[in-house]
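Secondary and tertiary structure notes
Chain by chain, the residues run as shown.
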Amino acid sequence: MDLAGLHVIDAHIHQWDPLTTPRDFSNLARLFKYLPVPIDLATRLAPRRDREFVGDPTAYVHPYLPADYRSDATGVPVESIVHIEVEWTGSGPTAKADETRWVASLPFGVDTPRLGAVIGSADPAADGFAALLDAHRTASPLFRGIRTMVAHHPDTGIRSFAGSAGALTGSRFLDGFAELAERGLSFEAWVYSHQLPEVTALAERYPEVTIVLNHLATPAGLYGKVGKYTGANPGERRKLFLSWRDDLSALGALPNVVAKVSGLMMPILGHPVPARGSSTPVPELVERIGPLVTHAMDVFGPERLLWGSNFPVDKPITSIADSAQVVADAVTAHGGGPVDLAQIFRGTAERVYRVEAPE
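What counts and how
Residue numbers here run from 1 along each chain, matching the order of that chain's written sequence. Residue-level local features of this predicted model are given only where pLDDT is at least 70; pairs of side-chain atoms are given and counted only at 80 or more, and the full residue set underlies all totals for whole chains, interfaces and linings. Excluding hydrogens and water, the side-chain figures rest on all heavy atoms present in the structure. Side-chain atoms within 4.5 Å link the members of a nonpolar core, which is a set of buried Ala, Val, Leu, Ile, Met, Phe, Trp, Tyr and Cys residues. Between buried and exposed lies partly exposed: a residue is buried under 20% and exposed over 50% of the maximum accessible area for its type, with that area taken using a 1.4 Å probe on protein chains only. Numbering of helices and strands runs from the N terminus; a helix is a DSSP stretch of H or I covering at least four residues, while a strand is a stretch of E covering at least two. Any two residues whose heavy atoms approach within 4.5 Å at even a single point are treated as in contact. His is not counted, nor are the chain ends; Lys and Arg add positive charge and Asp and Glu add negative charge. What makes a salt bridge here is a side-chain nitrogen of Lys or Arg within 4 Å of a carboxyl oxygen of Asp or Glu, nothing more. The term polar contact refers here to a pair of N or O atoms within 3.5 Å; inside protein, the definition further demands a hydrogen-donor-capable atom paired with an acceptor-capable atom, and it admits residues adjacent in sequence only when both atoms are side-chain atoms. For two strands to pair, DSSP has to find at least two bridges joining them.

Formed by 99 residues in total, the largest nonpolar core has its most connected members in Phe 53, Phe 177, Phe 187, Leu 202, Ile 211 and Phe 345. Top element by residues in this core is helix α10 (residues 282-300). It accounts for 9 residues. Not counting the four nearest positions on each side in its chain, Leu 202 is found in contact with Leu 168, Phe 173, Leu 174, Phe 177, Phe 187 and Ile 211.

See below:
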């Protein structure tokens, strides 16, 4: 399917500069700046769960800014992007609003796609949550909602981003979540696939909050073994897919949930990592992720699906152009036409994130 006729909103990208802004991976970036350590050597010395998650750490040790995205997005008619928070650190209850302020100050829109919306970092269970939401809104009029790092996996060989399981079900989290409803803000739910029932319970409790499921819930190990045991053989991978399928169907029954067709080329799904600088062939990726995309189409319909490149996180596996092509081809093969593609690549994001059309 030719993408040239589309007007695209990339609903999931990350911008960072770990050398000048505080990130969880800033120390790693500074190590490579000041010590002549070959990156491949450092990769071999890193914990396996980190290696399997990132695939290739190159992007994490350098800034990734609007000009970098513009170069990577060559061939895709991206008009606007949605920035999603990424591991900003800092002291003080409103420190994470500094990321929103920083992103809003970046040179978008001159010879790059426009900044359409910002999703900031905040934890509903934390003290001062309401004040932080207000600080984000003050930092940029493009602030639309939050993401909380709640992804946690029972396989200790897989990288978790929450200190313990059940972050979405804690009483403090659930009570704090009401602040999003009061402010008309959305919530980005990035979880591993076994956590889907928790997202469903959250969406049932707060039907007035739009919940955006990131990366179709990241079924780690679906394409190959990761961690200590996840996806260890075809039978286990089949069980993983069936559980994901059924749990996604239950979540999709709730009208306040939309799903992001993004992050499906993250290395943690078990993709083989090609040589640095190369991209997995499009037909190969369509064969792998096609069943995920088609089931999501059946469950949510194009009016509740939106595309995001998840760059630069997906860069070790694919390019932005190939990522978009893979999704477009999977949608088309499932009977989707130009109207469906326009909805997935623009319309849903425009509605959910209130992205204004260019003048």
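Assignment of secondary structure puts Arg 304 in the loop between α10 and β8 (305-307). For the buried residue Arg 304, which engages in no salt bridge, the nearest side chain bearing the opposite charge is Glu 303, 5.1 Å off. At 2.6 Å, the side chain of Arg 304 forms a polar contact with the backbone oxygen of Gly 252. The contact partners of Arg 304, leaving out residues within four places of it in the chain, are Gly 252, Leu 254, Pro 255, Val 257, Val 258, Ala 259, Val 299, Thr 348 and Arg 351.

A word on the pattern of salt bridges. Tallied over the full model, the rule gives 20 salt bridges. We note a salt bridge from Glu 52 to Arg 48, for which the minimum N-O separation is 3.0 Å. Here Glu 52 pairs with Arg 48, and both are found in helix α3 (residues 48-54), just 4 residues apart, close to one helical turn. On the accessibility criterion, Glu 52 (17% relative accessible area) is buried.

Moving on, we get to the pairing of strand β1 (residues 8-13). With 6 of 6 residues buried, β1 is to be regarded as a mostly interior element. Bridge count between β1 and strand β2 (residues 78-84): 4 bridges; the pairing is parallel. Following the sheet pairing, Asp 10 is matched in β2 by Ile 81.

Relative to the elements of secondary structure, Ala 232 occurs in the loop between β6 (211-213) and α9 (234-252). Judged by its relative accessible area of 40%, Ala 232 is partly exposed. Residues Ala 232 and Gly 221, 11 residues apart in the sequence, show an inter-C-alpha distance of 7.7 Å. Once residues lying within four places of it in the same chain are set aside, the contact partners of Ala 232 are Lys 225 and Arg 237.

Just distances and angles here, no functional claims.
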